2 protein chains.
Amino acid sequence: MKRLNYQTPADLNGLQQDAQTADNAAISQTVREILLTVQKNGDDALRQYSQTFDGVTLADLLVPASTIQAAYEQIDPAVVASLQAAADNIFWFHEKQGLQSFEATRPEGKFGIKVTPLERVGIYVPGGTAAYPSSVLMNAIPAKVAGVSEIIMVTPPQKEGINPAVLVAADIAGVDRIYTIGGAQAVAALTFGTQTVPKVDKITGPGNAYVAEAKRQVYGFVDIDMIAGPSEIGIIADETAKSAEIAADLLSQAEHDVRVRTFLVTTDADLLAAVTAELDTQLATLPRAEIARQSLTDFGYQILVQTDAQLYEVMNAIAPEHLEIQLTEPLAALDKIRHAGSIFLGRYASEPVGDYFAGPNHILPTSGTARFSSPLNVTDFQKMSQYLYYEPAALAQNQGAITTLARTEGLEAHARAIEARFPKKEQS
Amino acid sequence: MKRLNYQTPADLNGLQQDAQTADNAAISQTVREILLTVQKNGDDALRQYSQTFDGVTLADLLVPASTIQAAYEQIDPAVVASLQAAADNIFWFHEKQGLQSFEATRPEGKFGIKVTPLERVGIYVPGGTAAYPSSVLMNAIPAKVAGVSEIIMVTPPQKEGINPAVLVAADIAGVDRIYTIGGAQAVAALTFGTQTVPKVDKITGPGNAYVAEAKRQVYGFVDIDMIAGPSEIGIIADETAKSAEIAADLLSQAEHDVRVRTFLVTTDADLLAAVTAELDTQLATLPRAEIARQSLTDFGYQILVQTDAQLYEVMNAIAPEHLEIQLTEPLAALDKIRHAGSIFLGRYASEPVGDYFAGPNHILPTSGTARFSSPLNVTDFQKMSQYLYYEPAALAQNQGAITTLARTEGLEAHARAIEARFPKKEQS
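Residues numbered from 1 in each chain as written. Chains lettered and ligands numbered in written order. Predicted model: local features only at pLDDT ≥ 70, side-chain atom pairs only at ≥ 80, totals over all residues. Heavy atoms only, no water.

Draft legend 1. Inspection of the interface of chain A and chain B at higher detail. The partner chain B presents 127 residues to the 127 residues of chain A that form the contact. Between chain A and chain B, roughly 11,300 Å² of surface is buried when both sides are summed, and carbon and sulfur atoms account for 62% of that area. Here chain A and chain B share 10 salt bridges between them. Close ionic contact of Asp249(A) with Arg421(B) constitutes a salt bridge, the shortest N to O distance being 2.7 Å. The tally of links from chain A across to chain B stands at 57 residue pairs in polar contact (both at pLDDT 80 or more). Counting residues per element, the side of chain A that touches chain B draws most heavily on helix α14 (residues 392-408) of chain A, which supplies nine residues. Grouping the amino acids of the side of chain A that touches chain B by side-chain chemistry returns 62 nonpolar, 35 polar and 30 charged. (Contact = heavy atoms within 4.5 Å. Buried area = accessible area lost by both parts, 1.4 Å probe. Salt bridge = Lys/Arg side-chain N within 4 Å of Asp/Glu carboxyl O. Polar contact = N/O pair within 3.5 Å; in protein donor to acceptor, adjacent residues only side chain to side chain. Helix = DSSP H or I, 4+ residues; strand = E, 2+ residues; numbered from the N terminus. Nonpolar A, V, L, I, M, F, W, Y, C, P; charged D, E, K, R; others polar.)

Structure follows, in structure tokens:
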């Protein structure tokens, strides 16, 4: 990790990785062609792309119920039980969320907002080693809690079959149908619909560069979740923090990807030295040590600050996706944090507790977007419609104000629509 | 308007305008260059572009307080009073909105969501005839209610000065600073910051194709509101509806733009004939008749249905931005509407009541995106941070489930981070 002695906010320049802009012209053009082809040729195009990109000849696109039931027998019962326990916690936390409808009455009339769930959503689940059953839970459960009628999952076909833990997680979370399609073609199918795959209102879930670009291109036809950048963790620690635990938590993030960013911010120089030593020790036996070491070398930062206030000054500037508070009084920190996706308070709130189990979501804003974005949550699967009922007397009383504003903007027909309600002579 | 006798949902194919995909390579490239230039040259670039695109040599970018105060004297006091009355209603409706923080405690620990406002937002207001003071109120008030610390408005410089009604609306709504910059360069300044213009967390408001493309390109660095397509209105009417009022309401939408879409859906063929006659009569004296006539000819639809159920079947398929219910019992319709941006119930809820005055927002999802998007509202200027505090005993109890899931996903360092809390021998 790189060492930084923080004095002023300018010292952080350069740490801030720019948000993702997937602006690769070749990928963009390939994706455009795939979208058009699926829109035109439907299922035939999906089968063709599966043959070309996945090397799989598909009979059915839909995964049959029997395959999903069989998946339960193919994995360790402890995994099934752990997924079920995690799902219970995730349901519990998400059931406390969501937008509420309201109606307010006053002499002018009734005014309200009606909240409804999206009708159908699509969840993209990557194939291979990036097929995380925990992400299936985290994507599908908020949609289920919101009341989405139909949750469609797509995942690339695999010669060896879909990861059974992914199928079990989908079943536990309440996914309604699973199709073995992947890549930009899966995003196209969910956006435009094919003979087999129904079109959806929103597509969520991570994918490779083609999937990300496809989501970017279909945004507007359907809604999407934000396109995620590399993951990141920030840790605020004082001299009471345990260096072995801090190091383990940094590694748990760094093992994901060489582009992961890690930030350890403290007032205690000794802790930094101890963590550095611990990292070396723990890396020695870590299966994914190569990835983690690269990530720490390129994007790992140890930041020494002078005051407690600077702990928060630095971390609010970073706006990390995950933020651990390893302080003597962790709960007192909450008020001082302005920007973070998910905050882990205290020694026993190690990040994997939240990644897998505790209940809060693990799909979080990355790359500093916690300044303006939220964790995936129930409101992401709801929408609002406004409504108003207006009393005749209120319109009569306010028609002058309304027509004045309309005419100020040069929109005469707007003014006349109001005046049409009060004609000189009643018309039918 | 085109006449359609509705039988089945397939009859609506072709009416559905595709959502906007601003995919013009030349615009895209120009915008990319402008973004890079402003990022590099800051204020100098803004002055250069104002000279080139607006023909204005700027001294200060910031509109001084004296100019804003003077604007009150330059417009009819009735306009000031109407803007103030509208703003009061918009504040009233939006103060009922917003996400709520929560915290839930159970034996495992504390779990919550902390809701905070965005810190700084930018509002784009077009110049010339598209400078609508009502849109300034509708953009700024939800941000103000959310508790945004600083609302920055940008609007293109005009040789004749900024529209004073726009300045007054900004002042009433609580805009903190106004800069006379426009186009993609204004979006760039708000995204990256310059010597004068501070960077913001979100940019809202409509603009021309360059502004829309710039917002698309900066999405991810900052948040944006959805890029709006042409406006649209749907009207559900029965035989009790007044043809003159229906026609006036259709025209109030059609006068905006030749690409506006209008849909009149009814069980009463006589109403359609009467509305057609009324449209001709009213168009004869309408200042913007040319635009309205073109819009009605190209994108106006009169749809005759056989049953009351089909009224809603058709309208839910269209998912209109604005929806008027001109039925004998308008309030009873509310439960049957699944997709609409803003719903106007009854004879006296003519659309301009909501456009200008009643309190609900007029920035609404267009082009069928009401299936998954909401009117601009207070939650658009809020974000959530999750948090969790976990008890030591709970981690001890659940460590098996957590490490099982981590190892199932091949993420050994995640499992070890949990186990680091329970070492064989305590470490420091």
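After presenting the structure, the write-up continues.
Draft legend 2. Representation of the packing of helix α7 (residues 183-192) of chain B against helix α8 (residues 209-218) of chain B. Residue and element names in this part refer to chain B. At a closest axis distance of 7 Å, the pairing of α7 and α8 adopts a crossing angle of 30°. In this view, α7 runs roughly parallel relative to α8, as classed from their interaxial angle. Every pair of crossing elements has a handedness; the one defined by α7 and α8 is right-handed. Residues Gly-183, Ala-184, Val-187 and Thr-191 of α7 form the contact with α8, whose own contacting residues are Tyr-210, Val-211, Ala-214, Lys-215 and Val-218. For the contact of α7 with α8, the class distribution of residues is six nonpolar, two polar and one charged. (Axes fitted to C-alpha atoms, helices over the stretch in contact; angles between N-to-C directions. Parallel < 35°, antiparallel > 145°, perpendicular 65-115°, else oblique. Left-handed = near helix turned anticlockwise from the far one by under 90°.)

Draft legend 3. Layout of unusual backbone geometry. In the Ramachandran plot, Ala319(A) falls in the positive-phi region, its phi being about 50° despite a non-glycine side chain. Residue position: Ala319(A) is located in the loop between α12 (308-318) and β12 (322-326). Taking relative accessible area as the criterion, Ala319(A) reaches 0% and is therefore assigned buried. For Ser367(B), which is not glycine, the phi dihedral falls at a positive 55°. By relative accessible area, which is 12% here, Ser367(B) ends up buried. (Buried < 20%, exposed > 50% of the residue type's maximum accessible area, 1.4 Å probe, protein only.)

Draft legend 4. Examining the pairing of strand β10 (residues 261-266) of chain A more closely. Residue and element names in this part refer to chain A. Across the six residues that make up β10, a large majority, six, are buried. Along β10, one buried face is formed by Arg-261, Phe-263 and Val-265 and the opposite face, lined by Thr-262, Leu-264 and Thr-266, is buried too. Relative to β10, strand β9 (residues 232-237) runs parallel, the two being bridged by six bridges. Residue pairing across strands places Glu-232 opposite Arg-261, the latter belonging to β10. As judged from the five bridges shared by β10 and strand β11 (residues 300-304), these two strands associate in the parallel manner. From the neighbouring strand, Thr-266 faces β11, where its bridge partner is Leu-304. (Pairing = 2+ DSSP bridges.)

Draft legend 5. Quick look at the relation of the copies chain A and chain B. Once chain A has been moved 0.0 Å along the axis and rotated by 180°, it coincides with chain B to within an RMSD of 0.0 Å. On this basis, the relationship between the two copies can be described by a two-fold rotation axis. Among all residues of chain A, the one whose C-alpha sits closest to the rotation axis is Leu99(A), at a distance of 3.6 Å. Comparing interface residues between copies, 100% of those in chain A also sit at the interface in chain B, which points to an isologous, same-surface contact. (Least-squares fit on C-alpha atoms with pLDDT ≥ 70 in both.)

Draft legend 6. Inspection of helix α6 (residues 164-173) of chain A at higher detail. Burial of α6(A) is extensive: nine of the 10 residues sit out of reach of the surface. Turning to α6(A), its buried residues number three or more, namely Pro164(A), Ala165(A), Val166(A), Leu167(A), Val168(A), Ala169(A), Ala170(A), Ile172(A) and Ala173(A). Residues of α6(A) that are buried sit in contact with α3 (65-74), α4 (77-94), α5 (133-146), β5 (150-154) and β6 (177-179) of chain A together with α14 (392-408) of chain B. Sitting at the head of α6(A), Asn163(A) places a side-chain oxygen 2.9 Å from the backbone nitrogen of Ala165(A).

Draft legend 7. Spatial organisation of the sheet that holds strand β3 (residues 109-117) of chain A. Here we have nine strands laid out as an open sheet, ordered β2(A)-β3(A)-β14(A)-β13(B)-β12(B)-β9(B)-β10(B)-β11(B)-β1(B), and mixed in their pairing. Where the open sheet ends on each side, the last strands, each with one partner, are β2 (102-106) of chain A together with β1 (2-5) of chain B. Averaged over all adjacent pairs, the angle separating strand axes in this sheet is 15°, with direction ignored. Lying over the sheet, helix α9 (residues 243-254) of chain B contacts β9 (232-237), β10 (261-266) and β12 (322-326) of chain B, oriented at roughly 165° with respect to β9(B).

Draft legend 8. Seen up close, the environment of Leu46(A). All names here are of chain A. Relative to the assigned elements, Leu-46 resides in helix α2 (residues 43-54). Spatially, the C-alpha atom of Leu-46 lies 10.0 Å from that of Gly-183, the residues being 137 residues apart in sequence. Dropping the residues within four chain positions of it, Leu-46 is found in contact with Val-38, Leu-61, Ile-181, Gln-185, Ala-189, Thr-194 and Val-197.

Draft legend 9. Spotlight on the sheet that holds strand β4 (residues 120-124) of chain A. All names here are of chain A. Within the open sheet, the five strands sit side by side as β6-β5-β4-β7-β8. Their pairing is parallel. Each edge of the sheet is formed by a strand with only one pairing partner; in this case those strands are β6 and β8 (223-224). Relative to β8, strand β7 (residues 202-204) runs parallel, the two sharing two bridges. Within the sheet, the bridge partner assigned to Lys-202 lies in β8 and is Asp-223. Its contacts with the sheet put α5 on β4, β5 and β7, and the angle it makes with β5 is roughly 160°.

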